[in-house]
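The residues making up each chain are set out below.
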Amino acid sequence: MKKENQIPDNFENRLDEFAPNLFSIKNDNPFEVPADYFDSLPEKIASKIIATKKENSFAAKFRIIFNPKIYIPVAASILIVVFLIFKSTGIKTRSDQQMAYTANDNSAEYQYADSLIENGDIDESMLLETLTGIDDTSKNGNGNSGIEKNIRDMNKSTIIVSDSLKNLKVTDDDIIQYLLDNDDNDDLINN
Amino acid sequence: MEQFSDTELLELFRKSENKNYSFNLLVRKYQKQIYWHIRRIVIDHDDANDVVQNTFIKAWNNLEGFREDAQFYTWLYRIATNESINFLKQKRSGFIISYNDVESQLCASLTDDPYFTGDEIQLKLQKAILTLPEKQRIVFNMKYFEGIKYEDMAIILDTSVGALKASYHIAVKKIEKILTD
């Protein structure tokens, strides 16, 4: 290392030797402050502390509520919970409801239909023939199809059909299947 | 006014009913020292006024957690130095053209500053100091004008004593060269 780069011992107190021009300038303070500045400074600081405290308490509450790190996960959690509730309670669409109706054997309407069949108010065999489109002109000799005969016969009956049954959207396959499932009826066998 | 030691003032501060009173005493004890330290860094009085207030507000907010591992005044000086450096950084970020524009601006402001009452040679010295890198400038001010010990400076600036001695030595040489020219 070169000698000139070495720091002389105690050079801070030997500036007259190492920096005579700097040494000749007295290190007086060339700066000033407004009159009474230091008298009023403590009060200014105290006021600012009070103002900052009030600001911080409001800002802290605001920051907590609107901190993206908090509200984004919270919002996402709420959406997930709502979605899960929606899924699990099985809120059905109209078609879902209709399907639920058709698949539910315990509905009041089906029970009523059962009772009509049991009481003989509805002829299962006629219903089945009607729905399956059986054309049996030989039966009545009038040239009327068996279907028309069956419909006429059905119209003569004193079946009271509830409004809900009238509006019931039951497919033909459903009825056929129902009848087939309940084929222990003696009337069906006899006919 | 009765002079309390830092330990006594801090004990007083920790009793919650005396917080404001004790802090007021701390401010009165250190306000001039801290203000001039800041003023020599930021030069302008209005800027120094802002920074000194921010320094004491920061001290108030953090005084509960002050563990007295170091002396109170070195802790306060550290806050003041960091606040001054941050202030200049913010000022620097506003300049698009040149990194050194802040120092040039500070130099220019000295000439018209109503609160600068130094003579021509004092002005020359201040402008020479402003040519130093920021940290070197702070080291020079703390040693030359404030007479702070290297050991305390090491705590305030988080730099080794050896590095500080070297920094001051280089600063003195640079300034001497400018004053000689």
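Scoring rules and cut-offs
- Residues numbered from 1 in each chain as written.
- Chains lettered and ligands numbered in written order.
- Predicted model: local features only at pLDDT ≥ 70, side-chain atom pairs only at ≥ 80, totals over all residues.
- Helix = DSSP H or I, 4+ residues; strand = E, 2+ residues; numbered from the N terminus.
- Buried ≥ 20, exposed ≤ 12 C-beta atoms within 10 Å, placed from the backbone.
- Contact = placed C-beta atoms within 7 Å.
- Axes fitted to C-alpha atoms, helices over the stretch in contact; angles between N-to-C directions.
- Parallel < 35°, antiparallel > 145°, perpendicular 65-115°, else oblique.
- Left-handed = near helix turned anticlockwise from the far one by under 90°.
- Nonpolar A, V, L, I, M, F, W, Y, C, P; charged D, E, K, R; others polar.
- pLDDT = per-residue confidence, 0-100.
- Expected span 1.5 Å × (residues − 1).
- Core = buried A, V, L, I, M, F, W, Y, C linked by C-beta atoms within 7 Å.
- Domains from an automatic or database assignment.

For the rest of this paragraph, the subject is the overall build of chain A. Scanning chain A from terminus to terminus reveals 12 helices and zero strands. When the helices and strands of chain A are listed from N to C terminus, the series reads α-α-α-α-α-α-α-α-α-α-α-α. For chain A, with 191 residues in total, the buried portion stands at 6%. Pairs at least 24 residues apart make up 52% of the contacts formed inside chain A by residues separated by at least 6 positions.

The next subject is the overall build of chain B. A count of helices and strands for chain B gives nine helices and zero strands. Written out in order from the N terminus, the α and β elements of chain B read α-α-α-α-α-α-α-α-α. Long-range pairs, those at least 24 residues apart, make up 58% of the contacts in chain B between residues at least 6 apart in sequence.

When two helices pack together, you describe them by how their axes are tilted relative to each other and by the distance separating the axes. All names here are of chain B. Following both chains from N to C, one finds helix α2 (residues 19-42) and helix α4 (residues 72-93) inclined at 30°, their axes separated by 10 Å at the closest point. When the interaxial angle is binned, α2 and α4 end up roughly parallel. With respect to the hand of their crossing, α2 and α4 are arranged in right-handed fashion. For the pair α2 and α4, contact is made by Y30, I34, H37, I38, I41 and V42 and by Y73, L76, Y77, A80, S84, F87 and L88, respectively. Its residues assigned to classes, the contact of α2 with α4 comprises 11 nonpolar, two polar and no charged.

On to the confidence of the model for chain B. For chain B, mean pLDDT is 90; residues scoring 70 or higher make up 96% of the total. Taken over the whole predicted complex, pTM reads 0.63, whereas the ipTM for its chain interfaces reads 0.89.

Our focus in this paragraph is helix α3 (residues 45-62) of chain B. With 18 residues, α3 of chain B should reach 26 Å at 1.5 Å per residue; the first-to-last C-alpha distance of 26 Å fits that figure. All of the buried residues in α3 of chain B are A48, V51, V52, N54, T55, F56, A59 and W60 of chain B.

The next thing to look at is the interface of chain B and chain A. Quoted interface sizes are often the accessible area lost when the parts come together. Chain B puts 32 residues into the contact, and the matching count from chain A is 23 residues. Secondary structure elements with two or more residues in the side of chain B that touches chain A: α2, α3, α6 (120-130), α7 (134-145) and α9 (161-180) of chain B. Classifying every residue of the side of chain B that touches chain A by side-chain character gives 15 nonpolar, 11 polar and six charged.

To continue, consider the environment of N13 of chain A. All names here are of chain A. You can see N13 is positioned in the segment before α1 (15-18). For N13, a count of 8 C-beta atoms within 10 Å translates into the label exposed. A C-alpha to C-alpha distance of 10.0 Å links N13 and F23, two positions 10 residues apart in sequence.

The next point concerns the packing of α7 of chain B against α9 of chain B. Residues and elements named next belong to chain B. At a minimum axis distance of 9 Å, the contact between α7 and α9 shows a crossing angle of 90°. The orientation of α7 relative to α9 falls into the category roughly perpendicular. Note on element contacts: α9 touches α7 through L164, S167, Y168, I170 and A171, opposite Q136, V139, F140 and K143. Residue classes in the contact of α7 with α9 are distributed as six nonpolar, two polar and one charged.

All names here are of chain B. Within the largest apolar cluster, 47 residues are counted, with the highest numbers of intra-cluster contacts made by I38 and V139. Of the residues that make up this core, three or more belong to each of domain 1 (1-117) and domain 2 (120-181). In contact with V139, not counting residues within four places along its chain, are M153, L164, S167, Y168 and A171.

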